[in-house]
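Chain residues, written in single-letter form:
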Amino acid sequence: FNKIKDIVVLSIESFINKEVSRSYDVFDKRNKLNQYKEKIIEKLIGLMEQNAGYVPICMELIFSIVNLDRITKLSINIAETTLYVVENKDLRLR
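Residues numbered from 1 in each chain as written. Predicted model: local features only at pLDDT ≥ 70, side-chain atom pairs only at ≥ 80, totals over all residues. Heavy atoms only, no water.

*Asks:* An account of the nonpolar core is requested, with residue identities and associated values reported.
*Replies:* Core analysis: the largest hydrophobic core is formed by eleven residues, namely I4, I7, L10, V20, V26, F27, L33, I76, A79, L83 and L91. For this core, the elements supplying multiple residues, two or more each, are α1 (2–17), α2 (20–50) and α3 (55–87). It is α2 that provides the largest number of residues to this core, a total of four residues. If we ignore the near neighbours within four places in the chain, the residues touching I7 are V26, K29, R30, L33, T72 and S75. I41, L44, I62 and I65 belong to the second-largest nonpolar core, a separate cluster that totals six residues. (Core = buried A, V, L, I, M, F, W, Y, C linked by side-chain atoms within 4.5 Å. Buried < 20%, exposed > 50% of the residue type's maximum accessible area, 1.4 Å probe, protein only. Helix = DSSP H or I, 4+ residues; strand = E, 2+ residues; numbered from the N terminus. Contact = heavy atoms within 4.5 Å.)

Written out as structure tokens, the structure is:
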């Protein structure tokens, strides 16, 4: 949770202070977090395949991970907005 909080705070601070470099840090941190997220989901799926009794809790964890990912996507939107405001770069078209 701290990594997600860090991404949110960093994106907001980059916008408030118009610091483009911090916006790029948001992108990097989220990419690293996405790799971690994928590994966790793969492990959870493996657990469910091994033991059907784990399905309910694993699904709850996967849904929680997806919702937390939505928060980081909002942080990406803030970082992209910072780049647009400061440098007139529209990264949404990439």
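*Asks:* How would you explain the environment of S23 if you had to name every residue and give the values?
*Replies:* Within the element layout of this structure, S23 appears in helix α2. The exposure class of S23 is buried, given its relative accessible area of 0%. With 65 residues separating them in the primary sequence, S23 and N88 have C-alpha atoms 14 Å apart. Setting aside anything within four residues of it in sequence, one finds S23 in contact with S14, A79, T82 and L83.

*Asks:* Any details on the packing of α1 against α3? Residues and values, ideally.
*Replies:* Where α1 meets α3, the axes come as close as 9 Å, and the angle between the chain directions of the two elements is 20°. By the angle class used here, α1 and α3 are roughly parallel. For the crossing formed where α1 meets α3, the hand is left-handed. Only L68, I71, T72, S75, I78, A79, T81, T82 and V85 of α3 make contact with α1, whose side of the interface consists of I4, I7, V8, S11, I12, S14 and F15. (Axes fitted to C-alpha atoms, helices over the stretch in contact; angles between N-to-C directions. Parallel < 35°, antiparallel > 145°, perpendicular 65-115°, else oblique. Left-handed = near helix turned anticlockwise from the far one by under 90°.)

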